[in-house]
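Structure at a glance
So you can see what is in the structure, the chains are spelled out below.
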Amino acid sequence: MSQEMRRDSLPETNDSGLHEKGLSKGTVGVLGLIVIGISCIAPAYTLTAGLGATVAEVGTSLPAILIAGFIPMLLVALGYRELNNAMPDSGTSFTWATRAFGPMIGWMGGWGLIAATVIVLSNLAAVAVDFFYILIAQLTGQEWIAALTKNLWINIPTTLVFIAIAAYISYRGMNATKVFQYVLVGFQVGVLLLFAIMAFTSDTPYDPTQITWDMFNPAGVESFTAFAAGISLSIFVFWGWDVTLTMNEETTDPNKVPGRGATWTVLIIIALYLAVATAVLYFAGVGTTGLGAGNPDNQESIFAVLAGPVMGPLAILMSLAIMSSSAASLQSTMVSPARTILAMGYYKALPSSFAKISPRYMSPSVATVVSAAAAAAFYVVTRLLSENALWDTITALGLMICFYYGLTALACVWYFRSELFSNARNFFFKFLAPLVGGVILLVMFFVTAVDSMNPEYGSGSEIGGIGMVFILGVGVLLLGVLVMLYSRIRHPAFFKGETIKTGKNLTL
Amino acid sequence: MKLLVGYTADERGAEAIELASAVVAGTKDAFVQIAIVLPAAAPFTAVYPGGDHGYETILSAQVDRWAAEALALVPEGIGASVVARSVSSIAEGLIELGEEFEVHGIVLGGRKRHLGGFFMPGAIANALLHSSPLPVFMTSPASLENLREAGGQITRLTAFVGDRPGAEEIISLAARVANARNIKLRVANFVAHADVSEGSAGIDDHVRGIREYLDELVKELGIEASVEVIASGSIDTAINELSWQPGDLALLGSARLAAHRRLFIGPKAHRILGHLNVPMGVIPHLPSTR
């Protein structure tokens, strides 16, 4: 009958193992990292969504622009890695940019990331839905089913259902297993290679186009406008690769595995992209009629058109690969804006209710619902306003990625400004690489933003003589400015620097 | 007595702490070990873009707040501490923590009532009921109401037994528990008409037989207990005929099918669980001697 009180809560909770992310520590090897990297890139999805739009901008220089697009991505990712190592506890553009540049720019960095992910969510859902109906049509042999996705009364509700399911899975905190990822990635890569091989060995290519070295020469792109647009699209196709560089303690050897994994991932992805890009050029050419990759009707989802003629009955594999990769990405990408919104709520940059964590599933609750609702709203608006929603969202997405990536890269340079020239390593990784990468991306951002005001830009949709891409991309950023000003009035704590201090060596 | 509470920072978590506190209250070294389990990090679910987004930091701060709230729920006079741990499976994690902290049982809060008004164990409780080597105590909003009517004091134990050899084990364990805290013990058995092969005429004989067997058992064990054998059309109606008082705690034995020292809930026990409006504990086949 002891009445003794023993409440040693604080030491116990702090030693409790919250910080031993324990079970996953040191479990990922080089191969695992490659799989994770490829699954984040989701090549089957990025190729079908991005390849057509890129061909529209640069024509046969497609291979060159894919290679060129990787360079700013690499430079920025190197800066990301430095920030991640210096502030491992914060780990997001919002906190990094706030620490470097102060609350206002930090807030916009967070908004840029949320906007980019919300846009890609709506696009992922749309692609998944398109191929969902194509797949059903191929399975049943009823071709009319594939056309159902063009009916807005069917398309929009189906897409909303996909988004809702992804949000629910994400809220429940369900995780993909190792086996699941290996199978998904292996299947995706295998099907894409099969497509390339079948295109090159086809007896009846639609418009046989000789593959020449000129296609690999970035200087062959006709105009700077086309080059800028091509770069921001090819950044979209590499988006996801940098996750391999930021994984550290999860790997079996933090000194070697991330570097090797990142290198192998990018080599595999570039090889895969070049194989598929040249295969598309060889098989279909860039003609603007029929199956040509330059035909605007084909550009919003290139495989939806080409998989059938190239692969025959095996096209069903392509539909399955694209649907599974976009559906899986839809779910894993949902976590990202939810966590950024949660972090902004937690640091009082947004109302505190956004910081709610589900006690049962240990996942952001309000923030997940908000992300899903934003993606759904964005999709409905775009689908109703634009003749070619997928295409315009992808272009707007490229714009958004350039914005927040560029900003974060410059945040790296500014954050480390006192130590940039202390040694050669710092000079390269904290100064030169992120500076060049960041400047390139922000230049691409401004050039694309100005060009996209032209109503002819992108798919050619417009409102009041202003291009749809500009309205979507810049409109979302301006909306961010308004929300920020509102938050500043309603919740001034963050903007006074009370929750996150600007500057170095301060704990959050 | 020391119990491990599988805690979630909501009503069910608070209810679990309330039940655990009532069960350990008045025993030697009364202690409630509160466990907050977190999902294990899953590297193959890479969050992209942006990785962690500071989530671990924010979650960790949140868990510290939840821990403080949970400790405040434990009444004076009962020791308590909190452990938070990432686990790959919640049920397995609770069992591991239970063994690590050498507790006498695991306590879970129940889910909300179902439409039919029955308590049904959730996925985690079910997993525990099928694999735990430790007793598992469960509650639900309605059953907690019953406990509160008795001022949070357990006033009587009701041991559910079958008519086969396993009964002795449960009765003697329940008797020890009841004795230690100086409360009454009741032994209950249900007979469904359909289970009696002799037809309606044989039911009275069957009931009498079981009653004699249980009376004999109680006498052999040298304990004081009331015996109730209830025959009814089905288990469901039989359960409803049993009367309850505020502060009742029901104890069930694990099914005979269970592996050595592991819980396993049979269909009959499942039905009983579904209808009970008092807190309950399920005891593994060979009771833990700890």
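Residues numbered from 1 in each chain as written. Chains lettered and ligands numbered in written order. Predicted model: local features only at pLDDT ≥ 70, side-chain atom pairs only at ≥ 80, totals over all residues. Heavy atoms only, no water.

**So, the overall build of chain B**
On a plain count of helices and strands, chain B comes out with nine helices and ten strands. Considering only intrachain contacts with a sequence separation of at least 6, the fraction spanning at least 24 residues in chain B is 77%. Accessible surface computed for chain B: about 11800 Å², of which carbon and sulfur atoms make up 52%. (Helix = DSSP H or I, 4+ residues; strand = E, 2+ residues; numbered from the N terminus. Contact = heavy atoms within 4.5 Å. Areas by Shrake-Rupley, 256 points an atom, 1.4 Å probe, with all protein chains shown as cover.)

**Looking at the overall build of chain A**
Within chain A one finds 19 helices and two strands. A total of 508 residues make up chain A; the buried ones form 59% of that total. Once local pairs closer than 6 in sequence are excluded, the contacts in chain A between residues at least 24 apart make up 79%. Approximately 19600 Å² of chain A is accessible, and the part contributed by carbon and sulfur atoms is 65%. (Buried < 20%, exposed > 50% of the residue type's maximum accessible area, 1.4 Å probe, protein only.)

**A word on the pairing of strand 10 (residues 280–283) of chain B**
Residues and elements named next belong to chain B. Residues of strand 10 alternate between two faces, with Met280 and Val282 on one and Gly281 and Ile283 on the opposite face, all of them buried. Sheet analysis places strand 5 (residues 136–138) next to strand 10, joined by three bridges and oriented antiparallel. Bridge assignment links methionine 138 to a residue of strand 10, and that residue is methionine 280. Here strand 9 (residues 248–253) runs beside strand 10; their pairing, made up of four bridges, is parallel. Note on strand 10: the bridge partner recorded for leucine 251 is glycine 281. (Pairing = 2+ DSSP bridges.)

**Quick look at a nonpolar patch on the surface**
Residues and elements named next belong to chain A. There is a patch of nonpolar side chains on the surface, built from Met104, Ile105, Leu479, Leu482 and Leu485 and spanning about 430 Å² of accessible area. When contributions to the nonpolar patch are tallied by element, the ones reaching two or more residues are helix 6 (103–140) and helix 18 (468–490). Considering every element that reaches the nonpolar patch, the biggest residue donor is helix 18, with three residues. Summarising the element assignment, leucine 485 is placed in helix 18. Judged by its relative accessible area of 39%, leucine 485 is partly exposed. (Patch = residues over 30% accessible without salt bridge, like charges linked within 9 Å, V, L, I, M, F, W, Y side chains within 5 Å. Salt bridge = Lys/Arg side-chain N within 4 Å of Asp/Glu carboxyl O.)

**Thoughts on unusual backbone geometry**
Among all residues except glycine, the phi angle is most often negative; among peptide bonds, the trans geometry is most common. In the Ramachandran plot, A:Lys348 falls in the positive-phi region, its phi being about 65 degrees despite a non-glycine side chain. Note that A:Lys348 resides in the loop between helix 14 (315–346) and helix 15 (366–385). We note that B:Glu102 has phi near 50 degrees; this positive angle belongs to a residue other than glycine. Examined against the element boundaries, B:Glu102 turns out to sit in the loop between helix 3 (90–100) and strand 4 (105–108).

**Describing a negative patch on the surface**
All names here are of chain B. The grouping of Glu168, Glu212, Asp215, Glu216 and Glu220 at the surface amounts to a negative patch. The greatest single-element share of the negative patch, amounting to four residues, is contributed by helix 7 (residues 200–221). When you line up the elements, glutamate 216 lands in helix 7. According to the relative accessible area criterion, glutamate 216 is partly exposed, its value standing at 41%. (Lys, Arg positive; Asp, Glu negative; His and termini not counted. Charge placed at Lys NZ, Arg CZ, Asp CG, Glu CD.)

**Here we look at the pattern of salt bridges**
Per the stated rule, a full pass over the model turns up nine salt bridges over all chains. A salt bridge links A:Glu82 to A:Arg425; its shortest N-O distance comes to 3.0 Å. Pair noted here: A:Glu82 is in helix 4 (residues 62–86) and A:Arg425 is in helix 17 (residues 424–451), with a separation of 343 residues, a long-range link. A:Arg425 gets classed as partly exposed once you look at its relative accessible area, which sits at 41%. With a closest N to O distance of 2.7 Å, B:Arg148 and B:Glu18 form a salt bridge.

**Thoughts on helix 9 (residues 224–238) of chain A**
Residue and element names in this part refer to chain A. In this model, helix 9 (15 residues) spans 21 Å end to end at C-alpha, consistent with the 21 Å of a helix rising 1.5 Å per residue. With 13 of its 15 residues buried, helix 9 lies for the most part within the structure. Among the residues trailing helix 9, glycine 240 stands out with phi positive, at a value near 120 degrees. (Expected span 1.5 Å × (residues − 1).)

**Focus on the packing of aromatic side chains**
All names here are of chain A. For the structure shown, the criterion picks out 28 aromatic pairs over all chains. Judged by centre distance (5.7 Å) and plane angle (55 degrees), the rings of tryptophan 213 and phenylalanine 216 are tilted. Residue class for phenylalanine 216 comes out partly exposed when judged on its relative accessible area of 25%. Each member of the aromatic cluster is reached from another via a ring pair, and the members are Phe70, Phe238, Trp241 and Tyr273. Sitting over the face of the ring of phenylalanine 429, arginine 81 holds its NZ or CZ atom 5.3 Å from the ring centroid. (Phe/Tyr/Trp six-rings, centres within 6.5 Å; stacked < 30°, edge-to-face > 60°. Lys NZ or Arg CZ within 6 Å of the ring centre and 35° of its normal.)

**Quick look at the sheet that holds strand 9 of chain B**
Strand-to-strand pairing in sheets goes through backbone hydrogen bonds, with the strands running parallel or antiparallel. All names here are of chain B. With respect to topology, ten strands assemble into an open sheet ordered 3-2-1-4-5-10-9-6-7-8, the strand pairing being mixed. Every other strand in the sheet has two partners, leaving strand 3 (79–87) and strand 8 (226–232) as the edge strands with one partner each. Pairs of neighbouring strands in the sheet enclose a mean axial angle of 25 degrees, with direction left out of account. Pairing geometry for strand 7 (residues 184–192) and strand 8, over seven bridges, is parallel. Residue pairing for strand 8: arginine 186 is matched across the bridge by serine 226. (Axes fitted to C-alpha atoms, helices over the stretch in contact; angles between N-to-C directions.)

**A look at the environment of A:Trp111**
All names here are of chain A. If you trace the backbone, tryptophan 111 turns up in helix 6. Owing to a relative accessible area of 16%, tryptophan 111 belongs among the buried residues under this scheme. Once the C-alpha coordinates of tryptophan 111 and threonine 340 are considered, the two residues, 229 residues apart in sequence, prove to be 8.7 Å apart. With residues up to four places along the chain from it excluded, the contact list for tryptophan 111 reads Val476, Leu477, Leu479, Gly480 and Val483. Here the side chain of tryptophan 111 touches valine 476 through a polar contact of 2.9 Å, landing on its backbone oxygen. (Polar contact = N/O pair within 3.5 Å; in protein donor to acceptor, adjacent residues only side chain to side chain.)

**Section: the packing of helix 7 (residues 152–171) of chain A against helix 14 of chain A**
Residues and elements named next belong to chain A. Across the interface, helix 7 lies against helix 14 with an axial gap of 9 Å and an inter-helix angle of 60 degrees. Judged by the inter-axis angle, helix 7 sits oblique to helix 14. Like other packed secondary-structure pairs, helix 7 and helix 14 cross with a definite hand, here right-handed. In this structure, helix 7 uses Phe162, Ile163, Ala166, Ala167, Ile169 and Ser170 to contact helix 14, whose residues at the interface are Leu330, Gln331, Met334 and Val335. (Parallel < 35°, antiparallel > 145°, perpendicular 65-115°, else oblique. Left-handed = near helix turned anticlockwise from the far one by under 90°.)

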